[in-house]
Amino acid sequence: MPRRSPSGDQRQRDAERTRERILEAALVEFGEHGFAGARTSAIAARAGVNQQLISYYFAGKEGLYQALQQRWRATSGAAQPDRSMAEVVAGFLRLGATERSWARLLIWEGLADPGATTETEDEAQAHRYFTAMVDDVRRRQRTGELSADLDPAYVVLTFFAAAMAPTVLPQVVRRLTGLAADSPEFLDAYAAQLGRMLGHLAAPTPPSD
């Protein structure tokens, strides 16, 4: 029997699967080598696709990197009003521990950061992402979950850095606690301690009459 050409839906599904394989391979490659050290040929080899498809789907290495950053912001979520601040921080902590390539990607981005530059659309999206976090802390201050005398930008910075610590400083974690930074025992204990710290930052309860 003659071979049937794939339908439009089938071609769309194939394209989505190919794009997904490229993104997954790029996450590992960028996480291991940073933007400057990553090679599109290596990404294509990891994904098992023709290197030209990276240009076809993402317009090259820069576009692929930006697509990963956008996915990270969508995956991690900025404002999560239905969860307590302790739950949000614990979520970031476990995301960094279980999806270590994402955390490494952020580390490489920080190491390569040139400082103040002309704002690109991707930088503008990143700015909006973190602004949403700051706005969420302000909302929590209004409800009394966090004390109003704290600067919300520095609250976000402190606990964002705290959530990254197991990936950035696993040797310090091991030396301080005797536990592996990616072990369930450490992650459970650390999340609980961060939650207690946040509890101490709540607005004081007014005295009862």
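For the structure given in this document, a descriptive report is provided here. The structure presented is a predicted model; accordingly, all values stated were derived computationally and were not measured.

**A few points about the packing of aromatic side chains**
Moving on, step 1. In this structure the tally under the stated criterion is 8 aromatic pairs.
Moving on, step 2. Centre to centre, the rings of Tyr129 and Phe130 are 5.0 Å apart; their planes meet at 90 degrees, and the pair counts as edge-to-face.
Moving on, step 3. The class for Tyr129 is buried, based on a relative accessible area of 7%.
Moving on, step 4. Geometrically, the ring pair formed by Phe130 and Phe160 is edge-to-face, given 5.6 Å between the ring centres and 70 degrees between the ring planes. With Phe130 in helix H7 (residues 121–143) and Phe160 in helix H8 (residues 152–168), this residue pair connects regions lying 30 residues apart in the sequence.
Moving on, step 5. Three or more aromatic residues link up through ring pairs in this structure, and these residues are Phe92, Tyr129, Phe130 and Phe160.
Moving on, step 6. Geometry around Phe35 places Lys61 over its ring, the cationic atom sitting 4.6 Å from the centre.

**Considerations on H7**
Moving on, step 1. The end-to-end C-alpha distance of H7 is 33 Å, a good match for the 33 Å that 23 residues give at a rise of 1.5 Å each.
Moving on, step 2. Within the span of H7, buried status applies to Asp122, Ala124, Ala126, Tyr129, Met133, Val134, Asp136, Val137, Arg140 and Gln141.
Moving on, step 3. Looking one or two residues beyond H7, the residue adopting positive phi is Gly144, at roughly 90 degrees.

**As for a nonpolar patch on the surface**
Moving on, step 1. A cluster of nonpolar residues, Val168, Leu169, Val172 and Leu176, forms a patch on the protein surface that exposes about 340 Å² of accessible area.
Moving on, step 2. Summarising the element assignment, Leu176 is placed in helix H9 (residues 170–177).
Moving on, step 3. Look at Leu176 and you get exposed, because its relative accessible area is 70%.

The rules we used
- Residues numbered from 1 in each chain as written.
- Predicted model: local features only at pLDDT ≥ 70, side-chain atom pairs only at ≥ 80, totals over all residues.
- Heavy atoms only, no water.
- Phe/Tyr/Trp six-rings, centres within 6.5 Å; stacked < 30°, edge-to-face > 60°.
- Buried < 20%, exposed > 50% of the residue type's maximum accessible area, 1.4 Å probe, protein only.
- Helix = DSSP H or I, 4+ residues; strand = E, 2+ residues; numbered from the N terminus.
- Lys NZ or Arg CZ within 6 Å of the ring centre and 35° of its normal.
- Expected span 1.5 Å × (residues − 1).
- Patch = residues over 30% accessible without salt bridge, like charges linked within 9 Å, V, L, I, M, F, W, Y side chains within 5 Å.
- Areas by Shrake-Rupley, 256 points an atom, 1.4 Å probe, with all protein chains shown as cover.
- Salt bridge = Lys/Arg side-chain N within 4 Å of Asp/Glu carboxyl O.

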